[in-house]
Amino acid sequence: MEHKEISRAVIKRLPRYYRYLGELLEEGIERISSGELSERMKVTASQIRQDLNNFGGFGQQGYGYNVAYLYTEIGKILGLDQKHHVIIVGAGNLGQALTNYTNFEKRGFIIKGMFDINPRLIGMTVRGIPVYPLEELQHVIEKEQVQIAALTIPKGQAGEMADRLVSYGIKAIWNFAHTDLNVPDDVMVESVHLSDSLMRLSYRLSSETKRMDE
């Protein structure tokens, strides 16, 4: 397939397609039209066709989409046909909650260790995954060929830690610290600002309340 630049909006929707297609497989549905998928996902059928056409289409006129095939192909596009080794920096409540989420392994994300500076946490295990001191960070990254690091530490420490991770060869950071990271162009960052999501929800709730009061 010829390489083309895919918009961030399309990429953002791909995991949602993957999730819905997985649910269809669990229901035993073998094929689905863009219209039927549209009704489930609340996305227009034309948007679905446009999104998938970025990668070759996958559909057949008069037949629709083969659910298993489309699920597999979107998984490949998302890189889920590979194993990705992950570490979590910050073994507090959020770090432990992420480690306890078993669906990561099902998607090919293998957590190889957690790291913290708190001596009460170092040496414990969460679902069999050990908490290491920061002094072992570089060793574990190199030994386990870690590609992704999740940051679940206070924002005041996040920038320095990101620099350290980059220097150890990390190429992708899942950032839960409430701050933006300044990293080299070849390092990918996906930031999850939980309060931003809550504020967007607050805006929608407030707007709906005002609309109903008018």
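Before reading on, note that the structure itself is shown above.
A few points on the structure. (Residues numbered from 1 in each chain as written. Predicted model: local features only at pLDDT ≥ 70, side-chain atom pairs only at ≥ 80, totals over all residues. Heavy atoms only, no water.)

## Here's the deal with the sheet that holds strand β5 (residues 125-126)
Stage number 1. Strand order in this open sheet of seven strands is β5-β6-β4-β3-β7-β8-β9, and the pairing throughout is mixed. Both outer strands of the open sheet, β5 and β9 (188-191), are each paired with one neighbouring strand and no more.
Stage number 2. The pairing of strand β3 (residues 84-89) with strand β7 (residues 148-151) spans four bridges and is classified as parallel. Considered in β7, the bridge of I88 is made with A150.
Stage number 3. Along the sheet face, helix α7 (residues 137-144) touches β3, β4 (109-116) and β6 (129-133) and points at about 170 degrees away from the line of β3.
Stage number 4. Across the face of the sheet, helix α8 (residues 155-167) comes into contact with β3, β7 and β8 (172-175) while running at roughly 170 degrees to β7. (Pairing = 2+ DSSP bridges. Helix = DSSP H or I, 4+ residues; strand = E, 2+ residues; numbered from the N terminus. Contact = heavy atoms within 4.5 Å. Axes fitted to C-alpha atoms, helices over the stretch in contact; angles between N-to-C directions.)

## Focus: the pattern of salt bridges
Stage number 1. Counted according to the given criterion, the structure contains six salt bridges.
Stage number 2. The partner of R127 in a salt bridge is E105, and the shortest N-O contact between them spans 3.0 Å. Residue R127 is found in the loop between β5 and β6, and its partner E105 is found in helix α6 (residues 103-106); the two are separated by 22 residues along the sequence.
Stage number 3. Looking at R127, the relative accessible area reads 35%, which means it is partly exposed.
Stage number 4. In this structure, the salt-bridge partner of K112 is E144, at a minimum N-O distance of 3.7 Å. With a gap of 32 residues between them, K112 in strand β4 and E144 in helix α7 connect regions that are remote in the sequence. (Salt bridge = Lys/Arg side-chain N within 4 Å of Asp/Glu carboxyl O. Buried < 20%, exposed > 50% of the residue type's maximum accessible area, 1.4 Å probe, protein only.)

## Notes on the packing of aromatic side chains
Stage number 1. Summed over all chains, the structure comprises six aromatic pairs.
Stage number 2. Both rings, one in F58 and one in Y69, keep their centres 6.2 Å apart while their planes meet at 70 degrees; by these two values the pair is edge-to-face. Placement of the pair is F58 in the loop between α3 (45-53) and β2 (65-66) and Y69 in helix α4 (residues 67-77), with a sequence separation of 11 residues.
Stage number 3. Taking the relative accessible area as the measure of exposure, F58 reaches 16% and is therefore buried. (Phe/Tyr/Trp six-rings, centres within 6.5 Å; stacked < 30°, edge-to-face > 60°.)

## Description of the pairing of β3
Stage number 1. Counting buried positions along β3 yields six of six residues, so the element is predominantly enclosed.
Stage number 2. Judged by which residues are buried, β3 turns out to be covered on both faces: H84, V86 and I88 on one side and H85, I87 and V89 on the other are all buried.
Stage number 3. Bridging between β3 and β4 involves six bridges; their strand directions are parallel. Bridge pairing links I87 to G113 in β4.

## Overview of unusual backbone geometry
Stage number 1. Positioned with a positive phi, K42 is a non-glycine residue whose angle comes to about 60 degrees.
Stage number 2. Counting through the fold element by element, K42 comes out in the loop between α2 (34-41) and α3.
Stage number 3. A residue is classified by how much of its surface remains accessible, and K42, at 72% relative accessible area, is exposed.
Stage number 4. Phi is positive for R127, which is not a glycine, with a value near 55 degrees.

Spatial relationships are all this shows, so hold off on functional conclusions.
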